[in-house]
Every structure is written in C-alpha cells, then in structure tokens.
Amino acid sequence: MSEPDAQTGLANARRVVIKIGSALLVDRETGSLRADWLRGLAEDVAMLRARGTDVVLVSSGSIALGRGVLGLGLGVLSLEQSQAAAATGQIGLAAAYAEVLGAHGLKVGQVLVTLEDSANRRRYLNSRATLDMLLSLGVVPIVNENDTIATDEIRYGDNDRLAAQVAVTVGADRLVLLSDVDGLYTANPMLDPAAVRLNEVAQITPEIEAMAGDAGSGLSKGGMKTKVLAAKTATSAGCAMAITHGFQPRPIEALERGANATWFLAKGDPQTARKGWIASMKPKGKLGLDPGAVRAMRQGKSLLPAGVARVDGRFGRGDPVELTGPEGEVLGQGLTRYTSEEARQIAGHRSDEIESLLGYPGRAALIHRDDLVMLSSVE
C-alpha cells in the first residue's frame, strides 16, 4: 500500500471523473452484469457525493452487455453488430446505474458523445453546459461514446481518452482510471518480473511514455499507452490522474485507503489551465462593451447582451472574441455563445428579449464567466 499524496488523493477533490471499463461491469463468459461490483461502486459514488464532491462516470459496457442480450457470442463483431449491441445494451446499462445509485438517493443522467463533440468548439461548449447543469442539479452523469452512430472517423476509440476529455470539459481536478493493473510499471509486469510500479509521475517524459509500450500491450483495451496519453491530456488541464486496480469490491474506497496506484500530478489547477487556453486563442471578432458591462466583468460576472455596444467581425458559436472597453482598450477575451449575426441582433437588449429577437430561446449570457478571461491589468 502507498499513502496518497496530499496534492492528489480524493479527500479534497471538488470534481471527480471515474472511468469504468467493460471487463469490470460485464462478465465476459456470460455477458451478464457484475451486479455486486456495481453496487460497491455505487457505495463509493455515494460516499463522494455525501461530502460534496461532484462525480462523473465514464462507463463502457453497452456493447458487452448488448451482445449478451442479442446472443452474438465472443467473436469479433462487425460495425453494424457493434452498433446494434450498443443500442440494446445501453438501455440495460443506464437502468442498472439508475437502480444502484437510486438506492442511495442519487439521480443519474445519460450523456452519449463522439469525438466530434469535443473537436467542434460549439458542440464542446454545449456538452460542457449540459454536464455543468446536470452536476449543479446533483445528478451523476453517466458518459459513454455514442457507439450507435460513431464510425472510425468520429470515434475516440477507447474510454481512457474519452474520460480525459470529459475531465477537461467539466473542469475536474481528479480523474481515476479503474483498470486491470494497479498502475504504471517500468516495463510490462506480465513479461518482466523486475518491473517496478511508479507511485507518482510528476512529468510525462519520453522515458515515461516508453514505459507504457505499444497500444496493444494487453494490459487493457488500448493498453497502458492510451492511459499515459490520457494523463497528458488531463494533467495539462490541471487535473491529476490515477491508474488503479478496479476489480476489488470498493475500488474508490480502496484508493482512498492507500491501494496501489500511479498518480500523475497536475500542472496547476483546472480554472487556471482553462483561462490560459482561452487567452492563447486568436480572436475571430470583437465586442465593444459599455461601462456597466466592464464593471460587471471586473466583478467576475458573465457578459450579458445588454452590455454590448458594438459587434465587429464574423464569428460562430464557440469562437474566441476580443473584448474592448468604451475607449477601445482591450479588456480580455472569451468564447461566445452566439454567432456574430445573432450577437448583432441581441446587442444592447435584455436577456429576456432574446427569444423574441431571434425567434428561438437562447442562453442568457453572451459569454459565460467560465469562458471569459480578463487581462490582469484590468481585473
């Protein structure tokens, strides 16, 4: 056993993403749900939620569960068979999560995504807004790749990468990959008896990546390499990540008690990392603000349409735009929730007028405060 680092662990986590693989959820031989294990995980989630920690589950299992229902056996499935199995299995999987978490008074919501949803900035912001709302309502989101429609061109391909992207999207400060191994080793422990597990990785160097081996190392679907790639994504966004053994009855409780794991340390915190990402973008347009909007943003508030006096350039939803004050001074920039055409229509108007102006309901803020970064000289 190894003691959790004070900067990692889960004791002080604000928002945790937990990735669950198919092998943990579904018995390979029978194709049935491992109900006892799932109930133990539900106890872990309830434990985290009881102390105010937000939890998002990134769960595989729909295809494995669905192929059992459809009697497709253990062989390689065609794309169409996989999609049919996913469509069938997703129903049972969602119901199982609703049942075990409902026993602890927790509500669940199902969110199905594809790689396009994070690659496209507008879809990314929509996903972020949906997940944030679910979490604010006390819901435990169950996220999975939308296997019923995803083809190779729009697939993550493994839930390690998906979990890392979800962690970035929701601004999580901890990501836990429940795996069939208890961490990253200096070599494949199934082939090299001298391999040593690393308790902590402060920086992902070429040497660390080499330890992960090839994607097909056999340690899990995608292998250890995909887990290290996931760690690069998560830690660069301010989220620490752990790889730990998931087959024990209460894997999160075990991790908290010091179960073997490898922790990849975060670079900064999620909010700082996100602000840096927004600030580094090249703006597609410009919004000129009135004095009231400038004061509100300096107080950490969102930018409402009423505070916009001028809209310059052409931009789409999710694009970065520069923010300027009454004298043309640059104040910062943010990601807009409206196109330039829409912004021109609602600029200077109250948020409750948006639907009548555009002909459809929209978001109250033109730029939400989480998508806004102000220059330090004017904050």
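For every chain, the first residue of its written sequence is number 1, and the numbers climb from 1 along that sequence. Confidence filtering applies because this is a predicted model: local features only for residues at pLDDT of at least 70, side-chain atom pairs given and counted only at 80 or more, and all residues used for totals across whole chains, interfaces and linings. Calculated side-chain values reflect all of the structure's heavy atoms, with hydrogen atoms and water omitted.

1. A closer look at the packing of aromatic side chains
Turning to step 1, where the next piece is worked out: Here a Phe, Tyr or Trp ring, Trp counted by its six-membered ring, pairs with any other such ring whose centre lies within 6.5 Å, and the pair is stacked when the planes are under 30 degrees apart, edge-to-face when over 60, and tilted otherwise. The tally for this structure, following the rule as stated, stands at 1 aromatic pair.
Turning to step 2, where the next piece is worked out: Where Tyr124 meets Trp277, the ring centres are 5.9 Å apart and the plane angle is 75 degrees; that geometry is what we call edge-to-face. Of this pair, Tyr124 sits in helix α6 (residues 121-136) while Trp277 sits in helix α11 (residues 270-279), and the two are 153 residues apart along the sequence. The way it works is that DSSP assigns letters per residue, a run of H or I at least four long becomes a helix, a run of E at least two long becomes a strand, and they are numbered from the N terminus.

2. What about the pattern of salt bridges?
Turning to step 1, where the next piece is worked out: Counted as salt bridges are all cases of a side-chain nitrogen of Lys or Arg within 4 Å of a carboxyl oxygen of Asp or Glu. Scanning the model with the defined rule gives 20 salt bridges in all.
Turning to step 2, where the next piece is worked out: Arg314 is the partner of Glu341 in a salt bridge, and the nearest nitrogen-oxygen pair spans 3.0 Å. With Glu341 in helix α13 (residues 340-346) and Arg314 in the loop between β10 (308-313) and β11 (320-324), this residue pair connects regions lying 27 residues apart in the sequence.
Turning to step 3, where the next piece is worked out: Ionic pairing is found between Arg317 and Glu342, a salt bridge with its closest N-O pair at 2.7 Å. Placement of Arg317 in the loop between β10 and β11 and of Glu342 in helix α13 is noted, with a sequence separation of 25 residues between them.
Turning to step 4, where the next piece is worked out: Burial classes follow relative accessibility: with a 1.4 Å probe on protein chains only, a residue under 20% of its type's maximum area counts as buried, one over 50% as exposed, and anything between as partly exposed. Of the residues examined, Arg317 reaches a relative accessible area of 34% and is grouped as partly exposed.
Turning to step 5, where the next piece is worked out: Among the residues examined, Glu342 registers a relative accessible area of 6% and is labelled buried.
Turning to step 6, where the next piece is worked out: Beyond isolated ion pairs, a larger network of salt bridges with shared partners links Glu43, Asp44, Arg250, Glu253 and Arg257.

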